[in-house]
Amino acid sequence: LLHELHAAIAHVAADDLQPAFKMLARVSKIMEQLVHAWDVLATMTPPEYSAIRPYLANSSGFQSAQYRCIEFALGNKNAAMLKPHAHRPDLLAQVQAAFEAPSLYDEALRLLARRGLPVPASHTQRDWTQGYVESDAVEQAWLVVYRDPKQYWDLYQLGEELTDLEDAFRLWRFRHVTTVERVIGFKRGTGGTGGVSYLRKMLDVVLFPEIWKLRTDL
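Model, not experiment: these values are computed from the prediction.

Participant: How should the pattern of salt bridges be read in this particular structure?
Facilitator: One side chain can pair with another of opposite charge once the charged atoms of both are near each other. Under the criterion given, the structure shown has 14 salt bridges. A salt bridge links Lys213 to Asp217, with the shortest nitrogen-to-oxygen separation between them at 2.9 Å. Taken as a pair, Lys213 and Asp217 lie in helix H10 (residues 209-217) at a separation of four residues, close to a single helical turn. Given a relative accessible area of 33%, Lys213 falls into the partly exposed group. One connected set of salt bridges, linked through shared partners, spans Glu139, Lys213 and Asp217.

Below you can see the structure in the form of structure tokens.
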């Protein structure tokens, strides 16, 4: 998944959208498969999980460098998430590079700007380590595309590929939180988070906000 995502970002950055579309579609399909993985984990009952939990100690999904790179590539940047990898310089370098690089959405907006759409410089020339801030001006640029899909067909398709991807990612997050609540209730997570309460906050994270908001404003 991570390889395909990085390749898709590179193709968007190079204005080479046809291969990017195929890769983004594949990433969405992979996410759908990962959603179904929760079906298996959800068969674990609370007593069964309680029996193995002491062996996990402080082990956590936060320690997955690949997952953190996926979050960063999708634009959910958080410097605190570098810390779990501080003890592994090789993994830290990988995660740090993803943290400092433009996200998929950043590259999509830069592409819109190169095509002459009115994306503000604040969203094409910024500190990529900072979390994305929603912009009315960016929405207006996307609205130009969505109001005339024939003229901007490839950009319109890009917007819909991003929508598909976030849709699949939202489903993954939802299955994550419901499976955790089903198995351990509201116990704290092994990584020190609030468990379900933390995961529910993640449900509110919108990766490509203007693409969702424009549907109301079309």
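So that's the structure; there's more coming.
Participant: Can you help me understand the nonpolar core in this one?
Facilitator: As a rule of thumb, nonpolar side chains are buried together in soluble globular proteins. With 54 residues, the main nonpolar core has Leu5, Leu74, Leu104, Tyr105, Trp142 and Leu162 as its most contacted residues. Elements with a minimum of two residues in this core: helix H1 (2-13), helix H2 (17-41), helix H4 (65-73), helix H5 (89-100), helix H6 (104-114), helix H7 (136-147), helix H8 (153-184) and H10. Examining the composition of this core, we find that nine residues originate from one element, H2, more than from any other. Non-local contacts of Leu74, meaning those with residues more than four positions away in its chain, are made with Leu5, Ser103, Leu104, Leu165, Phe169, Leu207 and Phe208.

Participant: Could you clarify how one ought to interpret the environment of Pro209 in this entry?
Facilitator: Locating Pro209 in the fold gives a position in helix H10. For the pair Pro209 and Tyr67, spaced 142 residues apart in sequence, the C-alpha to C-alpha distance is 21 Å.

Participant: Would you take a moment to explain the side chain of Ser28 for this structure?
Facilitator: Along the chain, the position of Ser28 falls in helix H2. Classification of Ser28 by relative accessible area gives buried; the value is 6%. The residues touching Ser28, leaving out its near neighbours within four places in the chain, are Glu161, Asp164, Leu165 and Ala168.

Participant: When you look at the packing of H1 against H6 in this model, what are you seeing that I'm missing?
Facilitator: For any two helices packed against each other, the geometry is given by the interaxial angle and the distance between the axes. Their axes nearest at 9 Å, the elements H1 and H6 cross at an angle of 15 degrees. With respect to H6, the axis of H1 lies roughly parallel. Handedness of the crossing formed by H1 with H6: left-handed. Two secondary-structure elements touch here, H1 through Leu5, Ile9, Val12 and Ala13 and H6 through Leu104, Glu107, Ala108, Leu111 and Arg114. A class-by-class count of the residues in the contact of H1 with H6 yields seven nonpolar, no polar and two charged.

Participant: Would you explain H1 in this entry?
Facilitator: Residues that lie three or four places apart on an α-helix share one face, since the helix turns once every 3.6 residues. Taking 1.5 Å per residue, twelve residues should reach 16 Å; H1 reaches 17 Å between its end C-alpha atoms and fits that length. When H1 is considered as a whole, its buried residues turn out to be Leu2, Glu4, Leu5, Ala7, Ala8, Ile9 and Val12. On the buried face of H1, the contacting elements are H2, H4, H5, H6 and H8. Looking one or two residues past H1, Asp15 carries a phi angle of roughly 60 degrees, positive in sign.

Participant: What is the right way to read the packing of aromatic side chains from this model?
Facilitator: The description of two aromatic rings rests on the distance between their centres and on the angle between their planes. Evaluation of the coordinates by the stated rule reveals nine aromatic pairs. Ring geometry for Phe72 against Phe99: centres 5.2 Å apart, planes inclined by 50 degrees, an arrangement best described as tilted. Of the two residues, Phe72 is situated in helix H4 and Phe99 in helix H5; the sequence distance between them amounts to 27 residues. When sorted by exposure, Phe72 lands in the same class as Phe99, which is buried.

Participant: Explain the packing of H4 against H5 here, please?
Facilitator: Between H4 and H5, whose axes approach to 8 Å, the crossing angle comes to 10 degrees. Relative to H5, the element H4 lies roughly parallel. Contact with H4, carried on its side by Ala65, Arg68, Cys69 and Phe72, involves Leu91, Gln94, Val95, Ala98 and Phe99 of H5 and no other residues of that element. Partitioning the contact of H4 with H5 into residue classes produces seven nonpolar, one polar and one charged.

How each quantity is defined
Along each chain, residue indices are assigned from 1 in the same order as the chain's sequence is written. With the structure being a predicted model, the display of local features is reserved for residues of pLDDT at least 70 and the display and counting of side-chain atom pairs for 80 or more, all residues being used for whole-chain, interface and lining totals. Hydrogens are left out, water is left out, and the side-chain values use all remaining heavy atoms of the structure. The working definition used for a salt bridge is a side-chain nitrogen of Lys or Arg within 4 Å of a carboxyl oxygen of Asp or Glu. Runs of H or I in DSSP of at least four residues are treated as helices and runs of E of at least two as strands, each being numbered from the N terminus. Accessibility here uses a 1.4 Å probe with only protein chains present; expressed as a share of the type maximum, an area under 20% marks a residue as buried, one over 50% as exposed, and anything in between as partly exposed. Note on terminology: a nonpolar core comprises buried Ala, Val, Leu, Ile, Met, Phe, Trp, Tyr and Cys residues joined through side-chain atoms within 4.5 Å. Every residue pair with non-hydrogen atoms within 4.5 Å of one another is taken to be in contact. Every angle, taken between N-to-C directions, lies between 0 and 180 degrees, and every axis is a line fitted to C-alpha atoms, over only the stretch in contact when it is a helix. Should an angle lie under 35 degrees it is considered roughly parallel, over 145 roughly antiparallel, and from 65 to 115 roughly perpendicular; all remaining angles are considered oblique. Left-handed is the label given to a crossing in which the near helix is rotated counterclockwise from the far helix by less than a right angle, and right-handed is the label when the rotation is clockwise. Residue polarity is assigned by list, with Asp, Glu, Lys and Arg as charged and Ala, Val, Leu, Ile, Met, Phe, Trp, Tyr, Cys and Pro as nonpolar; anything else, Gly included, falls into the polar class. Each helix should span, by expectation, one fewer than its residue count multiplied by 1.5 Å. Two aromatic rings from Phe, Tyr or Trp, using only the six-membered ring of Trp, form a pair when their centres are within 6.5 Å; if the ring planes differ by under 30 degrees the pair is stacked, by over 60 it is edge-to-face, and anything between is tilted.

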